[in-house]
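Architecture at a glance
The primary structure of each chain is shown beneath.
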Amino acid sequence: MTPEEQDLVMGLAVAPCSPPTRTIDEVLAHFGESDGAALALRLLRDAMERQDADDVEMALIVHAAADASVEEFLEPLTELFPADWHRGYEDIVSMLGTLRSPKTVPTLVLATRWVPEYLDWDENRALAVKAIWALGAIPGPEAREALEGLRDDENEIIRENALKQLSRRGEL
């Protein structure tokens, strides 16, 4: 993606006290697409192929602006999550959490155990907590077993949040 295209996509982003400066229709027209989800998926796959962290962010912005479903993004997001060349881990966990699908459990469990280098400073383990809460919203035995496995974690924050989710689910 060119710097000009990145600027165009950044115009879709919502910032505190600042509405978007571009519309999804303007972005779609520029890229010759009529479907925001299709464009976001194309941009995401292209960014992954080139291992371009900035373009991953751009694809996720287009996805959000298009209000696209996450379902068709499940495979690329679970493939992308463990890659160490991007910064989209928290966004990916949030997106996977909206699915409430047992298919996301392995990736969400990984998010509770692995700390990306750029989050090494975070003693509150926000990424892990976000993943635990996402696990708590997934019905079924896969998520319950994952939470049960986390309730004995060496990290107190992870243990406490796993216990909260098990309790909320009525599974303690």
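Whatever comes next refers back to the structure up there.
Heads up: these notes are all about the structure in this document. Remember, predicted model here, so these are calculated numbers, not experimental data. (Residues numbered from 1 in each chain as written. Predicted model: local features only at pLDDT ≥ 70, side-chain atom pairs only at ≥ 80, totals over all residues. Heavy atoms only, no water.)

1. Structural notes on the overall build of the protein
For the protein, the helix and strand inventory stands at ten helices and zero strands. For the protein, the sequential pattern of α-helices and β-strands runs α-α-α-α-α-α-α-α-α-α. Taken over the C-alpha trace, the protein has a radius of gyration of 17 Å; the compact-globule value for 172 residues is 16 Å, and the two agree within 12%. Seen through its principal axes, the protein has C-alpha atoms that stretch 50 × 35 × 30 Å. (Helix = DSSP H or I, 4+ residues; strand = E, 2+ residues; numbered from the N terminus. Rg over C-alpha atoms; globule rule 2.2 N^0.38 Å.)

2. A few points about the nonpolar core
Among the nonpolar cores identified, the biggest contains 53 residues, and V27, L44, V62, L77, L80, L108 and L135 are the most heavily contacted of them. L135 has contacts with V105, L108, V109, T112, A143, A146, L147, L150 and R169, leaving out every residue within four places of it along the chain. (Core = buried A, V, L, I, M, F, W, Y, C linked by side-chain atoms within 4.5 Å. Buried < 20%, exposed > 50% of the residue type's maximum accessible area, 1.4 Å probe, protein only. Contact = heavy atoms within 4.5 Å.)

3. Re the environment of V129
Within the element layout of this structure, V129 appears in helix α8 (residues 126-136). Between the C-alpha atom of V129 and that of N161, which follows or precedes it by 32 residues, the distance is 6.6 Å. When near neighbours in sequence (up to four residues on either side) are disregarded, V129 contacts N124, I157 and N161.

4. Describing the pattern of salt bridges
Considering all chains together, one arrives at eleven salt bridges under this definition. Measuring nitrogen to oxygen at the nearest pair gives 3.2 Å for the salt bridge that ties D52 to R50. You can call R50 partly exposed: its relative accessible area is 37%. Members of the salt-bridge network, linked through shared partners, are D46, R50, D52 and D55. (Salt bridge = Lys/Arg side-chain N within 4 Å of Asp/Glu carboxyl O.)

5. So, the packing of helix α7 (residues 105-113) against α8
Geometrically, a packed helix pair is captured by the angle between its two axes and the distance between the axes. Relative to each other, α7 and α8 sit at 150°, their axes nearing to 7 Å. The angle between the axes of α7 and α8 places the two elements in the roughly antiparallel class. As α7 packs across α8, the resulting crossing turns out to be left-handed. On the side of α7, the interface is formed by V105, L108, V109, A111 and T112, while α8 contributes L127, A128, A131, I132, A134 and L135. Classifying every residue of the contact of α7 with α8 gives ten nonpolar, one polar and no charged. (Axes fitted to C-alpha atoms, helices over the stretch in contact; angles between N-to-C directions. Parallel < 35°, antiparallel > 145°, perpendicular 65-115°, else oblique. Left-handed = near helix turned anticlockwise from the far one by under 90°. Nonpolar A, V, L, I, M, F, W, Y, C, P; charged D, E, K, R; others polar.)

6. Looking at the environment of T23
With respect to the secondary-structure elements, T23 resides in the loop between α1 (3-10) and α2 (24-31). For the pair formed by T23 and R168, sequence separation is 145 residues and the distance between their alpha carbons is 40 Å.

Limitation: the analysis is restricted to geometry and does not speak to function.
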